[in-house]
Amino acid sequence: MSTSSSQHIGIIDIGSNSIRLVLYEVNSFGAYRVVGEYKNSARLSERMGPDGLLPTKDILSIVPILAHYQRLCRLHGVGTIRVAATAAIRNSGNTADIVRLLQEHTGLHIEVLSGHEEARYGYLGVINAIDIRDCLIIDIGGGSTEVTLVQGRKLIQSVSFPFGAVNTTRQFAKGDVLSEQASHNIRSMVVQAIAEHPWIRETPGLPMIGLGGTIRTLGKMSQRRKKHSLSLAHNYELRTGELREFLSLLSAMPLEKRKKIDGLSKDRADIMVPGLLIMDTIYEAAGASKVVISGSGLRDGLFYELFRPHQPVKPDVLEACLDNLLGLHPNAAVQHVRHADRFAMQLYDALEATAGNGSSRDKKLLHTAALLYRIGASVHYYQFLKHTQYVIQGVHLEGLSHREIVMASLLATFKTKSRTQQQAIAHKDLLLESDLSLIVKLGMLLKAAIALDMSETQPVQELRVEKSDSLLTLTLVCTHDVGLELKELSSLGKDLEKAWNCNLRIDVEASSRM
């Protein structure tokens, strides 16, 4: 895909429960972001006739929605629109007629995804947004449920079952509250379906990554109940047993009471229990270890394939996310932060090689903070650290857990231990007691790395780091004046020595490239 200038891509998902449009902007640096998302309820799975056909009037009822999305695409200068239809249209007996009618009335080319294609796009959405090697992905839609086995970040097996939250509700629910017999019948239906795919049971202990409205809503309810301090749905982990707790709670409630639960939207209250029954039955059968909510799924997968058709799977989730963020915020002194990052990695490797307490995750946190510490300047330069904290906690920082995102935000904005203690209070639900001391240690390394390019003109072209007993020697190989750098290093020297229990020595050499 050419990245010579900014362009816009529209992804329309004609689902069984709702129809959505997501607008992506790709800038001249090849970095992308979502600039608009729109949703309309359609409940196509509910409208299927007894003959298994979708009536013409119901087909035509979604034309105004598609026409509205086309107008939005025109207003945003969208050059490419991709339209995908899933279970409701795929499983209808008159699929070809539906596609023909919609194309005649809108001019849009409509792809009807097979069950395996739907599972693959969901897999692409997840594997590019969560740093995980092995998992089971479950996507509960309105008219189908896809289950996908991932091992070594590769799609190994997938299946699409012809039941989802909407059509299961229509088939089994006879009133506001699902009867015990109806609940039993739903579980039996799911168990019978699983029996034909024994691979679902053969990899117990894997995390289950959940997609679709039912599962995202479950995550919202959990976060509201726990007063989760980070307002991100993506990569949120449910507590053990929480799925069954919410299923029991909602099953016993009449519809009107369900509609009042914080986090549960009124237009999903009637289909939530059947959706959770499907999820819980598959969770138990698979012997899954935990449930993680993914905010990235089918529509993201459709975009990734269109955006990078030759490499739709990112080699490294966090690295790709950081590169993308720097491409979106090129005024964040990219050359400077990459320089500081290189020094931060050198300092970490030298000090942790002798301390022996670090981990690869700690190093990733420092790497993330070094690259993103100036990103708040894209909001406003003055007080940019405050904006940096907001940006890091607000974006999908893919590849990091919620706890790690908070830690990265505190590390990127580190000034003093007392200030960090104050900032950390708001996230005491996520942080461990040991996290503060780690942030202080890594924060001092980051401040030293930034100090080594305080002038932001890269005078230090090479840094040699030696750690011998309690002496840390930094040799600065320079191309021009390092007065600012030396002054800043001197001012933070004592704090660095205290944090890492060492003595600091600085030597300066002239570079042969001067």
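Coordinates for the structure precede this section.
For the structure given in this document, a descriptive report is provided here. Please read all numbers here as calculations on a predicted model, not as lab measurements.

1. Brief notes about the pattern of salt bridges
Throughout the structure, instances matching the rule amount to 35 salt bridges. Its salt-bridge partner being Arg-244, residue Glu-284 comes within 3.4 Å of it at the nearest N-O pair. Placement of the pair is Glu-284 in helix α11 (residues 272-286) and Arg-244 in helix α9 (residues 242-251), with a sequence separation of 40 residues. According to the relative accessible area criterion, Glu-284 is partly exposed, its value standing at 46%. Through salt bridges with shared partners, a single ionic network connects Arg-225, Lys-226, Arg-239, Glu-242 and Glu-245.

2. As for the packing of aromatic side chains
In this description, a pair of aromatic rings is defined by centroid distance and the angle of the planes. Taken as a whole, this structure holds 10 aromatic pairs when the rule is applied. Judged by centre distance (6.1 Å) and plane angle (75°), the ring pair of Tyr-32 and Tyr-304 falls under edge-to-face. Within this pair, whereas Tyr-32 is found in strand β3 (residues 32-41), its partner Tyr-304 is found in helix α12 (residues 298-307), the two being separated by 272 residues in sequence. Above the ring of Tyr-121, the side-chain terminus of Arg-120 is found at 4.8 Å from the ring centroid.

3. A look at the nonpolar core
Within the largest apolar cluster, 66 residues are counted, with the highest numbers of intra-cluster contacts made by Leu-366, Leu-372, Leu-397, Leu-445, Leu-476 and Leu-496. For this core, the element with the most residues is helix α19 (residues 435-451), which contributes 11 residues. If we ignore the near neighbours within four places in the chain, the residues touching Leu-476 are Leu-452, Val-460, Glu-462, Leu-463, Leu-486, Leu-489, Ile-506, Asp-507, Val-508 and Glu-509. With 47 residues, the next largest nonpolar core counts Phe-172, Ala-182, Ile-261 and Ile-278 among its residues.

4. Things to note about the sheet that holds strand β12 (residues 460-468)
Read across the open sheet, the 3 strands follow the order β12-β13-β14; overall the sheet is mixed. Single-partner strands in this sheet number two, and they are β12 and β14 (503-510). On average, each strand axis in the sheet is tilted by 20° relative to the strand beside it, whichever way the strands run. Sheet analysis places strand β13 (residues 471-478) next to β14, joined by 8 bridges and oriented parallel. Across the sheet, residue Val-477 finds its bridge partner in β14, namely Glu-509. Of the strands in this sheet, β13 and β14 touch helix α20 (residues 483-500), which is tilted by about 155° from β14.

5. Comments concerning unusual backbone geometry
Look at Arg-43: it is not a glycine, yet its phi comes out positive at around 50°. Structurally, the position occupied by Arg-43 is in the loop between β3 and α1 (56-60). Taking the relative accessible area as the measure of exposure, Arg-43 reaches 12% and is therefore buried. In this structure, Asp-469 takes a positive phi of about 55° despite not being glycine. Along the chain, Asp-469 turns up in the loop between β12 and β13. Residue Asp-469 is classed as exposed on the basis of its relative accessible area of 73%.

6. Points about the pairing of strand β1 (residues 7-14)
Of all 8 residues in β1, 7 are buried, a share of seventy percent or more. Pairing of β1 with strand β2 (residues 18-26) involves 8 bridges; the strand directions are antiparallel. By the bridge assignment, Ile-9 is partnered in β2 with Tyr-24. Hairpin geometry of β1 and β2 is characterised by an intervening segment of 3 residues between the two adjacent antiparallel strands. Both β1 and strand β4 (residues 78-85) contribute to a ladder of 7 bridges, which runs parallel. Following the sheet pairing, Ile-9 is matched in β4 by Thr-80.

Cut-off values and rules
Residues numbered from 1 in each chain as written. Predicted model: local features only at pLDDT ≥ 70, side-chain atom pairs only at ≥ 80, totals over all residues. Heavy atoms only, no water. Salt bridge = Lys/Arg side-chain N within 4 Å of Asp/Glu carboxyl O. Helix = DSSP H or I, 4+ residues; strand = E, 2+ residues; numbered from the N terminus. Buried < 20%, exposed > 50% of the residue type's maximum accessible area, 1.4 Å probe, protein only. Phe/Tyr/Trp six-rings, centres within 6.5 Å; stacked < 30°, edge-to-face > 60°. Lys NZ or Arg CZ within 6 Å of the ring centre and 35° of its normal. Core = buried A, V, L, I, M, F, W, Y, C linked by side-chain atoms within 4.5 Å. Contact = heavy atoms within 4.5 Å. Pairing = 2+ DSSP bridges. Axes fitted to C-alpha atoms, helices over the stretch in contact; angles between N-to-C directions.

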